[in-house]
Amino acid sequence: MRRCVTKAYIFLHRSMSTSSLPPSPIPLLTSVASYRRWRQKAFDEGKSVGFVPTMGALHDGHLSLVQRSLAENELTVLSIFVNPAQFAPHEDLATYPRTLPGDLELLTAQQVTVGEAVRKASAVFLPSVQDMYPSGISQDVSAQKGAFVEMKGYGHQMEGTSRPTFFRGVVTVVTKLFNAVQPTNAYFGQKDIQQALLLRRLCKDLLFPHPEADHVHIVATTRDPNDGLALSSRNAYLSANERKFAPALYKALQYAESAWSNGESKDRCISKAVAVIDEVKVQAAIDGVDMRLDYIEMNDSETFDVLDASSNHQLAGDIPVILSGALWVGKTRLIDNIVVGDLKRIIR
Ligand code: AMP
């Protein structure tokens, strides 16, 4: 534990000096102070600002959020910040992919035409750990000091069961990012559905003006067009052999979704999904790939409560249901979800 805490504090001192930045046609703002000056100008000019928070290692999923923001806002800001507080001490903070030059190239290539105007990203916000955590940050929650934001009652289910300190870290950093960036609109991926819904609730509960809760948008998951694997920065960890088996989770969720729409009970749907994983697991083991299911569950999209075993789609009523899961493929933990029911109530 002590070793990991020390590691977190090392990150505290690693801020981005301007000279170490790759060349970029998009302005790179590396401090809250420089960002605030940029934002004040946008306020003065009455321009809308769309915000896409990321941890970098950009892929087409992130870029779909950027496209949406470009279409709906006069200015778009993307942030890249690998947030220590959302990684538990045993998790992959040190090895998380950091690919800034490639990220900037991808981002620079994005544009959307609105009327006569061609819109491109207006700024990249690259705050240092020191700027984001002025009181310091430890990955060990019991050693943390300073202000943190907690979402009571909505952070212990689904992903929160396996990662009990994750949402505390996410909600805290996004609060800080919103306070700094002050976006008109913010864009999150359905890929991390619980996170996105939590953040919408954060804005509602704490009366955030920038963005207002209704301006927190959730964008559908971008998938590999060939096998449906949800794009993720962590897919980079997969070996070629592991990658072959990674779509098993989505396949399992699709089986459960189809059973659900045929009126089967939640328990039956989950059993069918687990059977798919078990089958792929046998094949994977023959190929030397270790697969382990963390969970597959069905939860109410408003309360995140686990549905009753006997629940089915008639009994579930109007509230959309989140069918989600997490699967270890080798040392990589993959997550995915399908929303069943009236999607428009949450994906907007
Ligand atoms: P991350 O860099 O992983 O923190 O993700 C930044 C944002 O991109 C989050 O709102 C994610 O939900 C979103 N995102 C990640 N992967 C995808 C994907 N495959 N499709 C759509 N959005 C995604």
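Residues numbered from 1 in each chain as written. Predicted model: local features only at pLDDT ≥ 70, side-chain atom pairs only at ≥ 80, totals over all residues. Heavy atoms only, no water.

Engineer: Help me out: how do you make sense of the sheet that holds strand β8 (residues 216-219) in this one?
Structural biologist: Strand pairing in a sheet relies on backbone hydrogen bonds. The paired strands run either parallel or antiparallel. The strand order β1-β6-β3-β2-β7-β8 describes an open sheet built from 6 strands, whose pairing is parallel. The sheet is open, and its two edges are formed by β1 (28-29) and β8, each paired on a single side. In this structure, strand β3 (residues 75-80) lies alongside strand β6 (residues 123-125), joined through 3 bridges in parallel fashion. When the bridges of β6 are listed, Leu78 appears paired with Val124. Helix α4 (residues 100-108) contacts β1, β3 and β6 of the sheet and is inclined by roughly 165 degrees relative to β3. (Pairing = 2+ DSSP bridges. Helix = DSSP H or I, 4+ residues; strand = E, 2+ residues; numbered from the N terminus. Contact = heavy atoms within 4.5 Å. Axes fitted to C-alpha atoms, helices over the stretch in contact; angles between N-to-C directions.)

Engineer: Mind showing me how you'd approach the pairing of β8 here?
Structural biologist: A two-sided burial pattern is seen for β8, the buried positions comprising Val216 and Ile218 on one face and His217 and Val219 on the other. For strand β7 (residues 185-189) and β8, the ladder comprises 4 bridges, and the chain directions are parallel. Residue pairing for β8: Phe188 is matched across the bridge by Ile218. With helix α8 (residues 193-205) bridging β7 and the parallel β8, this β-α-β connection has right-handed handedness. (Buried < 20%, exposed > 50% of the residue type's maximum accessible area, 1.4 Å probe, protein only. Right-handed = clockwise from strand over helix to strand, strands pointing away.)

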